[in-house]
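Chain by chain, the residues run as shown.
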Amino acid sequence: MHEMSLCENILGILLDEAASQNFSKVDRVCLEVGPLSGVEPEALRFGFDVVTRGSLADGAQLDIFEPEATATCAACGATAVIQDRFDPCPSCGSHVLQVKTGEELRIKELEVS
Ligand SMILES: [Zn+2]
């Protein structure tokens, strides 16, 4: 499950931030997880709990923000909200869509003390 290694990466970022910004506890982490990022939010929650146990982020609240995925059609230029990167353009049916948003996977907010 690659969510587990993602959580380890996130914890690594938190530790780096803690060292450079001088905090010792993470109270809340807000992640932005795009629907096209290939990450399962529930698996991420589980992994986060396991990986942060005993760390500075032990017991931190994890909020997952899931933005909409949008794409621009290369054929007709329309921009549409899509559920999947292989969705056809809702205006003209073309499958040549340029994904604009929805692949995000990043820490959006951090509350520390
Ligand atoms: Zn189109």
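What counts, and where the lines are drawn
Residues numbered from 1 in each chain as written. Predicted model: local features only at pLDDT ≥ 70, side-chain atom pairs only at ≥ 80, totals over all residues. Heavy atoms only, no water. Phe/Tyr/Trp six-rings, centres within 6.5 Å; stacked < 30°, edge-to-face > 60°. Lys NZ or Arg CZ within 6 Å of the ring centre and 35° of its normal. Axes fitted to C-alpha atoms, helices over the stretch in contact; angles between N-to-C directions. Helix = DSSP H or I, 4+ residues; strand = E, 2+ residues; numbered from the N terminus. Parallel < 35°, antiparallel > 145°, perpendicular 65-115°, else oblique. Left-handed = near helix turned anticlockwise from the far one by under 90°. Contact = heavy atoms within 4.5 Å. Nonpolar A, V, L, I, M, F, W, Y, C, P; charged D, E, K, R; others polar. Donors = N, O, S within 2.8 Å, 3.2 Å for Na, K, Ca; no water. Tetrahedral: all angles 85-135°; square planar, octahedral: opposite > 155°, others 65-115°. Pairing = 2+ DSSP bridges.

Engineer: Help me understand the packing of aromatic side chains, please; the structure alone is not making it clear to me.
Structural biologist: Aromatic rings in a pair are described by how distant their centres are and how their planes are angled relative to each other. Counted by the stated rule, this structure contains zero aromatic pairs. For the cation-ring pair, lysine 108 lies above phenylalanine 65, with the distance from its terminal atom to the ring centre recorded as 4.7 Å.

Engineer: How should I be thinking about the packing of helix 1 (residues 2–21) against helix 2 (residues 41–52) in this particular structure?
Structural biologist: One way to put it is that helix 1 packs onto helix 2 with a least axis distance of 8 Å and a crossing angle of 50°. Put simply, helix 1 runs oblique to helix 2. Relative to helix 2, the crossing made by helix 1 is right-handed. Judged by residue contacts, Glu3, Met4, Leu6, Cys7, Glu8, Ile10 and Leu11 of helix 1 engage Ala43, Leu44, Phe46, Gly47, Phe48, Val50, Val51 and Thr52 from helix 2. Class assignment for the residues of the contact of helix 1 with helix 2 results in 11 nonpolar, two polar and two charged.

Engineer: Got a minute to help me understand the coordination of the zinc ion in this structure?
Structural biologist: Protein-derived coordination of the zinc ion comes from Cys73 (SG), Cys76 (SG), Cys89 (SG) and Cys92 (SG), at a distance range of 2.3 to 2.4 Å. In this structure, the zinc ion is coordinated by four donor atoms arranged in tetrahedral fashion, with angles at the metal of 107 to 113°. Here the donor residues of the zinc ion share one chain and are spaced in sequence as C-x2-C-x12-C-x2-C. Here cysteine 89 lies in the loop between strand 4 (79–82) and strand 5 (97–101) and cysteine 73 lies in strand 3 (residues 69–73), a separation of 16 residues in the sequence.

Engineer: Sorry, what's going on with the sheet that holds strand 5 here?
Structural biologist: Note on sheets: strands pair through backbone hydrogen bonds, and any given pair is parallel or antiparallel. The three strands lie next to each other as 4-3-5, forming an open sheet whose pairing is antiparallel. If you trace the sheet from one side to the other, it starts and ends with strand 4 and strand 5, each paired once. When the angles between neighbouring strand axes are averaged without regard to direction, this sheet yields 35°. The sheet contact formed by strand 3 and strand 4 spans four bridges and is antiparallel. If you follow threonine 72 over to strand 4, its bridge partner there is threonine 79.

So yeah, pure geometry; function would need other evidence.
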